[in-house]
Amino acid sequence: MSQENNSELVCPKYECAVNVLGKRWTGLIILVLLRGTVRFKDIRESVPQMSDKMLSERLKELEEQDILVRKVYPEIPVRIEYELTEKGKELRPVIESIHAWGQKWM
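Every value quoted in this text rests on a predicted model; they were computed, and no experiment measured them. (Residues numbered from 1 in each chain as written. Predicted model: local features only at pLDDT ≥ 70, side-chain atom pairs only at ≥ 80, totals over all residues. Heavy atoms only, no water.)

A short note on the pairing of strand E3 (residues 79-84)
Selection criterion: Paired strands, as defined in this entry, are two strands with at least two bridges between them according to DSSP. The numbering of helices and of strands both runs from the N terminus, where a helix is a DSSP run of H or I of at least 4 residues and a strand a run of E of at least 2.
Relative to E3, strand E1 (residues 38-39) runs antiparallel, the two being bridged by two bridges. Along E3, the bridge assignment pairs Val38 with Tyr82. Across six bridges, the pairing between strand E2 (residues 68-73) and E3 is antiparallel. Across the sheet, the residue bridging to Val69 is Glu83, located in E3. Linking E2 back to E3 in an antiparallel pair, the connection comprises five residues.

This is the structure we're talking about:
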């Protein structure tokens, strides 16, 4: 492959970011988490079309990517909360830009 063709390749880090953020429901989950610390039921109520199984999967994926942190409080009943990490909070302008674009064009 020539040097000229290499310059046309997509940046792997951009590709990774799009793969994470482009999954169905992920942007909506992050939008809800931008409001602050929330519980599973809060996200489920904000995005009622999403199944509990899918929400669980997406939360685990976001936790693995260090975009959110899951906090477990050993109470009765156990309380679990989700909160964006600094990495996740830095997505605010991205999510707000997508929201603004959607408001204008969708």
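Points about helix H3 (residues 26-33)
Put simply, the test is: Burial classes follow relative accessibility: with a 1.4 Å probe on protein chains only, a residue under 20% of its type's maximum area counts as buried, one over 50% as exposed, and anything between as partly exposed. Working note: the arc is built from the helix axis to C-beta atom directions.
Listed in full, the buried residues belonging to H3 are Thr26, Ile29, Ile30, Val32 and Leu33. Viewed end-on, H3 has its buried residues packed into an arc of 160 degrees, placing them on one side of the element.

A look at the confidence of the model for the protein
Keep in mind that low pLDDT regions are not for reading the predicted coordinates in detail. Rule in force here: pLDDT: the predictor's confidence for each residue, scored from 0 to 100.
Here the protein shows a mean pLDDT of 93. Residues at 70 or above account for 93%. Mean pLDDT values over the elements of the protein span from 54, in helix H1 (residues 3-6), up to 98, in helix H6 (residues 86-89).

Concerning the packing of aromatic side chains
To describe a pair of aromatic rings, you give the distance between the ring centres and the angle between the ring planes. Basically, it comes down to this: A pair of Phe, Tyr and Trp rings is counted when the ring centres sit within 6.5 Å of each other, with Trp represented by its six-membered ring. The angle between the planes then sorts it: under 30 degrees is stacked, over 60 is edge-to-face, the rest tilted. For a ring to carry a charge above it, either NZ of a lysine or CZ of an arginine must fall within 6 Å of the ring centroid while also lying within 35 degrees of the normal to the ring plane.
For the structure on display, the rule yields zero aromatic pairs. Between the NZ or CZ atom of Arg79 and the centre of the ring of Tyr73, over which it lies, the distance is 4.0 Å.

With respect to the sheet that holds E3
Inclusion rule: Here a residue-residue contact requires only that any non-hydrogen atoms of the pair lie within 4.5 Å. Angles run from 0 to 180 degrees between N-to-C directions of axes, and those axes are lines fitted to C-alpha atoms, restricted for helices to the stretch in contact.
The strand order across the open sheet formed by three strands is E1-E3-E2, and the pairing between neighbours is antiparallel. Only two strands of the sheet have a single neighbouring strand rather than two, namely E1 and E2. Along the sheet face, H3 touches E1, E2 and E3 and points at about 100 degrees away from the line of E3.

Examining unusual backbone geometry
Omega for the peptide link from Ile76 to Pro77 comes to -5 degrees, which places this bond in the cis form. The backbone of Asp66 shows a phi angle near 60 degrees, a positive value even though the residue is not glycine. Tracing the backbone shows Asp66 in the loop between helix H5 (52-64) and E2.

What about the packing of H3 against H5?
The condition is simple: The labels follow the angle: roughly parallel below 35 degrees, roughly antiparallel above 145, roughly perpendicular from 65 to 115, and oblique for the rest. Classification convention: Asp, Glu, Lys, Arg as charged; Ala, Val, Leu, Ile, Met, Phe, Trp, Tyr, Cys, Pro as nonpolar; all other residues, Gly among them, as polar.
Their axes nearest at 10 Å, the elements H3 and H5 cross at an angle of 75 degrees. The angle between the axes of H3 and H5 places the two elements in the roughly perpendicular class. Residues Thr26, Ile29 and Ile30 of H3 touch H5, and the partners they reach there are Leu55, Arg58, Leu59 and Leu62. For the contact of H3 with H5, the residue count by class is five nonpolar, one polar and one charged.

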